[in-house]
Amino acid sequence: MKQFSYVLTNKDALQSRPMGNLMREASRFSSRVSVANGAKAAGLREIRDLMNLDMQCGSRVTVTVEGKDEEAAVAAIQNYFVANM
């Protein structure tokens, strides 16, 4: 299992298109990816679940990646967060 935390800095990143792109990035890998905001957590399979995390610009989220290709997945997802979130 690999984890990283990230503070959201782009207010537009929480709209459905960037979140959908994040989901597509995660779906390239077989590892299970989840995002937590405080006590709430959601997998990156359903956009509705992600939107229910009540993330805002300035929120610190924790991303957890678990699976066979977790090293590559966490690197790609972390790069996506830095570039877009």
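See the structure printed just above.
Enquirer: How do you make sense of helix 1 (residues 16–27) when you look at a structure like this?
Expert: Because an α-helix packs 3.6 residues into every turn, residues spaced three or four apart end up facing the same way. The terminal C-alpha atoms of helix 1 lie 16 Å apart, and with 12 residues this matches the ideal 16 Å at 1.5 Å per residue to within 8%. Listed as buried for helix 1 are Pro18, Met19, Gly20, Leu22, Met23, Glu25 and Ala26. Taken together, the buried residues of helix 1 touch strand 2 (32–37), helix 2 (47–51) and helix 3 (70–84).

Enquirer: Explain the packing of aromatic side chains here, please?
Expert: Here a ring pair, both rings aromatic, is described through the centre-centre distance and the interplanar angle of the planes. Considering all chains together, one arrives at two aromatic pairs under this definition. Ring centres of Phe4 and Phe81 lie 5.7 Å apart, and the angle between their planes is 80°; this geometry places the pair in the edge-to-face category. Of the two residues, Phe4 is situated in strand 1 (residues 2–7) and Phe81 in helix 3; the sequence distance between them amounts to 77 residues. Take Phe4: its relative accessible area is 7%, and that puts it in the buried class. Members of the aromatic cluster, connected to one another through ring pairs, are Phe4, Tyr6 and Phe81.

Enquirer: Before we go on, may I ask you to explain the pairing of strand 2 in this structure?
Expert: Working note: regular strand, side chains alternate between the two faces of the sheet. Of the two faces of strand 2, only one is covered, namely that formed by Val33, Val35 and Asn37; the face formed by Arg32, Ser34 and Ala36 stays uncovered. Across four bridges, the pairing between strand 2 and strand 3 (residues 40–43) is antiparallel. Within the sheet, the bridge partner assigned to Val35 lies in strand 3 and is Ala42. Following strand 2, the chain reverses through two residues before pairing antiparallel with strand 3; Gly38 in that reversal takes a positive phi of roughly 65°.

Enquirer: Could you clarify how one ought to interpret the sheet that holds strand 4 (residues 60–66) in this entry?
Expert: By way of backbone hydrogen bonds, the strands of a sheet pair with one another, either parallel or antiparallel. A sheet is described by the order of its strands in space; here four strands give the open sequence 1-4-2-3, paired in antiparallel fashion. Since the sheet does not close on itself, it has two edges, and those belong to strand 1 and strand 3, each with one partner. Neighbour-to-neighbour, the strand axes of the sheet open up by a mean angle of 20°, direction not taken into account. Of the strands in this sheet, strand 1, strand 2 and strand 4 are in contact with helix 3, which crosses strand 1 at around 5°.

Definitions and limits used
The residue numbers shown here count from 1 along each chain, following its written sequence. Where local features are concerned, this predicted model is filtered to residues with pLDDT of at least 70; where side-chain atom pairs are given and counted, the filter is 80 or more; whole-chain, interface and lining totals use all residues. With hydrogens and water excluded, all non-hydrogen atoms of the structure serve as input to the side-chain values. Put simply, DSSP marks the helices as runs of H or I at least four residues long and the strands as runs of E at least two long, and each gets a number from the N terminus on. Here the expected length of a helix is defined as 1.5 Å per residue gap, with one fewer gap than residues. Residue burial is assigned from relative accessible area. The probe radius is 1.4 Å, only protein chains are included, and a residue is buried under 20% of its type maximum, exposed over 50%, and partly exposed in between. Contact between two residues is taken to exist if any of their heavy atoms lie within 4.5 Å; hydrogens are not considered. Aromatic pairs are defined between Phe, Tyr and Trp rings, using the six-membered ring for Trp, whenever the two ring centres lie within 6.5 Å; interplanar angles under 30 degrees are classed as stacked, those over 60 as edge-to-face, and all others as tilted. The pairing criterion is simple: DSSP has to find at least two bridges between the two strands. Axis geometry follows a simple rule: fit a line to the C-alpha atoms, using only the stretch in contact for helices, then measure angles between N-to-C directions, giving values from 0 to 180 degrees.

The quantities given are spatial measurements derived from coordinates; they are silent on function.
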